[in-house]
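Residues per chain are reported as follows:
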Amino acid sequence: GNMVEWCLPQDIDLEGVEFKSMASGSHKIQSDFIYFRKGLCFGLACFANMPVESELERGARMKSVGILSPSYTLLYRYMHFLENQVRHQLEMPGHYSHLEAFYDDKKGVLPDSKGTSQQPVHWLPSIHRYMYPEMKITHPAGCMSQFIKFFGEQILVLWKFALLRKRILIFSPPPVGVVCYRVYCCCCLANVSLPGLGGTVPESKPFFYVNVADIEMLETEVSYVACTTEKIFEEKRDLYDVYVDNQNVKTHHEHLQPLLKINNADKEKYRRLNDQRQMLMYSQEVGEDCSSCEEDLFILFFMEQNNRIFQTLMEVSASQDKTLTADHARGMGLDPQGDRSFLMDLLEVYGIDVMLVIDNPCCT
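Residues numbered from 1 in each chain as written. Predicted model: local features only at pLDDT ≥ 70, side-chain atom pairs only at ≥ 80, totals over all residues. Heavy atoms only, no water.

Visitor: Describe the overall build of the chain, naming the residues involved and giving the relevant values.
Guide: Scanning the chain for helices and strands turns up 11 helices and 10 strands. By the burial criterion, 51% of the 364 residues in the chain qualify as buried. The long-range share in the chain, meaning contacts at least 24 apart out of those at least 6 apart in sequence, stands at 66%. For the chain, the accessible surface area stands at approximately 18200 Å², while carbon and sulfur atoms represent 52% of it. (Helix = DSSP H or I, 4+ residues; strand = E, 2+ residues; numbered from the N terminus. Buried < 20%, exposed > 50% of the residue type's maximum accessible area, 1.4 Å probe, protein only. Contact = heavy atoms within 4.5 Å. Areas by Shrake-Rupley, 256 points an atom, 1.4 Å probe, with all protein chains shown as cover.)

Structural data, given as structure tokens:
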């Protein structure tokens, strides 16, 4: 099995990290990277696999070199260092001086296991990226673009499940690095920047890579987005609400089935998103605007959509008759009929006191 060979600080609790930092099935690939969660911290590890002429190592030497941080948004800037170090560890096992120097240079105060006297971890940027330049380094350019190309219109299905804070599990065989980006993008779909909204609503937490060692922890979670390389999870239906296998999004909950259907309002949103992307690409080509990037556009598109929905719902709940009509639904960019069950779930999850009076299609 996997084992922790070396770590700093030496007294840190790393139970299970040897399985989180090396995805199940990685022996079939040459290299990968992996994001994961360990307690209140997030980790990034780079994996590499090198053939060796050694019976003891069964012809292959596999290692992962990783770091833990209270925030995942800072991890990507160290990817190159970790890639170099895992290669170094394969070729010269046991030489840790570079890693020691890195730790001495970067070490900070990690949250303790109880999380006492610590600032809360902010899982997602809640305001536009330009206001938080330190958030700009989350993931590489093209991450969102690949996400949109991969899922197409299905991102509108994922958007609804993310906004409803469902437990979303994404399955893919290794390599898992690009799938960790899908977890991140999926969480970005649920960004809302309205003040005072849903203090009781569970956070949309990116758990990144999970495996069978995480089952006990996942049993207690009410909302998360995660990915796995272990097919066994598909059978463990009590652990997730939504299962994503490649581009196939499915749910075993009957009341969530209507949300899998793409309606006209979804198609219109997807068309608008693509139009905005085309305009951004054109403006970059003609040199008008190099400051915008696709990640900002993507996050802002869904944040504005979410803000519009919740702004309307809060205004209606503050009104005298508290009645949400088909016109309200259309004003929020939703399909009065196709999104009826989505709206019902949304009101329940966020505890918004509104009466839904959208005509039944058979009576119109």
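From this point, the narrative continues.
Visitor: Give me the lowdown on the packing of helix 8 (residues 264–285) against helix 9 (residues 294–318), citing residues and values where you can.
Guide: Interhelical geometry of helix 8 versus helix 9 gives an angle of 145° and a closest axis separation of 10 Å. Judged by the sense of rotation from one axis to the other, the crossing of helix 8 with helix 9 is right-handed. Across from Lys-269, Arg-272, Leu-273, Gln-276, Arg-277, Leu-280 and Met-281 in helix 8, the residues of helix 9 making contact are Glu-294, Leu-297, Phe-301, Phe-302, Gln-305 and Arg-308. Counted by class, the contact of helix 8 with helix 9 contains six nonpolar, two polar and five charged residues. (Axes fitted to C-alpha atoms, helices over the stretch in contact; angles between N-to-C directions. Left-handed = near helix turned anticlockwise from the far one by under 90°. Nonpolar A, V, L, I, M, F, W, Y, C, P; charged D, E, K, R; others polar.)

Visitor: Help me get a handle on unusual backbone geometry, residues and values and all.
Guide: Residue Pro-9 is reached from Leu-8 by a cis peptide bond, and omega for that bond is -10°. Positionally, Pro-9 belongs in the segment before helix 1 (17–20). Residue Pro-175 is reached from Pro-174 by a cis peptide bond, and omega for that bond is 5°. Counting through the fold element by element, Pro-175 comes out in the loop between strand 4 (167–171) and helix 6 (177–188). A positive phi is found at Phe-208, a non-glycine position, where the angle reads about 55°. Residue Phe-208 is classed as buried on the basis of its relative accessible area of 0%. The phi torsion at Lys-322 lies on the positive side, around 50°, for a residue other than glycine. Mapped onto the elements of the fold, Lys-322 is located in the loop between helix 9 and strand 9 (323–324).

Visitor: Please give an account of the packing of aromatic side chains that cites residues and values.
Guide: This model, assessed by the stated rule, comprises 22 aromatic pairs. With a centroid separation of 5.1 Å and an interplanar angle of 75°, the aromatic rings of Phe-42 and Tyr-72 are classed as edge-to-face. Here Phe-42, found in strand 2 (residues 41–51), pairs with Tyr-72, found in the loop between strand 3 (60–69) and helix 2 (79–91); they are 30 residues apart in sequence, far enough to count as distant. For the ring pair Phe-150 and Phe-151, a centre distance of 4.9 Å and an interplane angle of 90° mean the geometry is edge-to-face. A residue is classified by how much of its surface remains accessible, and Phe-151, at 4% relative accessible area, is buried. By the ring-pair criterion, three or more aromatic residues cluster together here, those being Phe-147, Phe-150, Phe-151, Trp-159, Phe-298, Phe-301, Phe-302 and Phe-342. One cation-aromatic arrangement involves Lys-160 over Phe-342; the distance from NZ or CZ to the ring centre is 5.8 Å. (Phe/Tyr/Trp six-rings, centres within 6.5 Å; stacked < 30°, edge-to-face > 60°. Lys NZ or Arg CZ within 6 Å of the ring centre and 35° of its normal.)

Visitor: Run through the nonpolar core, naming residues and quoting values.
Guide: Within the largest apolar cluster, 96 residues are counted, with the highest numbers of intra-cluster contacts made by Ile-155, Phe-298, Phe-310 and Leu-313. At 10 residues, helix 9 tops the list of elements feeding residues into this core. Residues from two domains meet in this core; each of domain 1 (17–98) and domain 2 (134–314) gives at least three. Look past the residues within four positions of Phe-298 in its chain and what remains in contact with it is Met-144, Phe-147, Ile-148, Ile-155, Cys-185, Cys-188 and Leu-189. Membership of the second largest hydrophobic core comes to 12 residues, among which are Val-210, Ile-215, Leu-218 and Ala-226. (Core = buried A, V, L, I, M, F, W, Y, C linked by side-chain atoms within 4.5 Å. Domains from an automatic or database assignment.)

Visitor: An account of empty space enclosed by the protein is needed here, citing residue identities and associated values.
Guide: Tallied over the full model, the rule gives one cavity of 30 Å³ or more. Roughly 30 Å³ of internal volume is contained in the largest cavity. Along the walls of the largest cavity sit Ser-21, Met-22, Ala-23, Ser-26, Asp-32, Phe-33, Ile-34, Phe-47 and Val-176, which together make up its complete lining. Here the lining of the largest cavity is built from residues that sort into six nonpolar, two polar and one charged. (1 Å grid on protein atoms, 1.4 Å probe; cavity = no way out; pocket = protein on both sides within 12 Å on 5 of 7 lines; lining within 4 Å. Points joined across faces, edges and corners; volume = space filled by probe spheres on them.)

Visitor: Provide a residue-level description of helix 8, including the pertinent values.
Guide: Across its 22 residues, helix 8 extends 32 Å between first and last C-alpha, which sits within 8% of the 32 Å expected from 1.5 Å per residue. On the buried face of helix 8, the contacting elements are helix 4 (143–151), helix 5 (154–163) and helix 9. Sitting at the amino-terminal end of helix 8 is Asn-263, which places a side-chain oxygen 3.0 Å from the backbone nitrogen of Ala-265. (Expected span 1.5 Å × (residues − 1). Polar contact = N/O pair within 3.5 Å; in protein donor to acceptor, adjacent residues only side chain to side chain.)

Visitor: Run through the packing of helix 2 against helix 3 (residues 97–106), naming residues and quoting values.
Guide: In contact at an axis separation of 10 Å, helix 2 and helix 3 are set at 150° when each is read in the N-to-C sense. Judged by the angle between their axes, helix 2 and helix 3 are roughly antiparallel. Judged by residue contacts, Phe-81, Gln-85, His-88 and Gln-89 of helix 2 engage His-98, Leu-99 and Phe-102 from helix 3. Taken together, the residues that form the contact of helix 2 with helix 3 break down as three nonpolar, four polar and no charged. (Parallel < 35°, antiparallel > 145°, perpendicular 65-115°, else oblique.)

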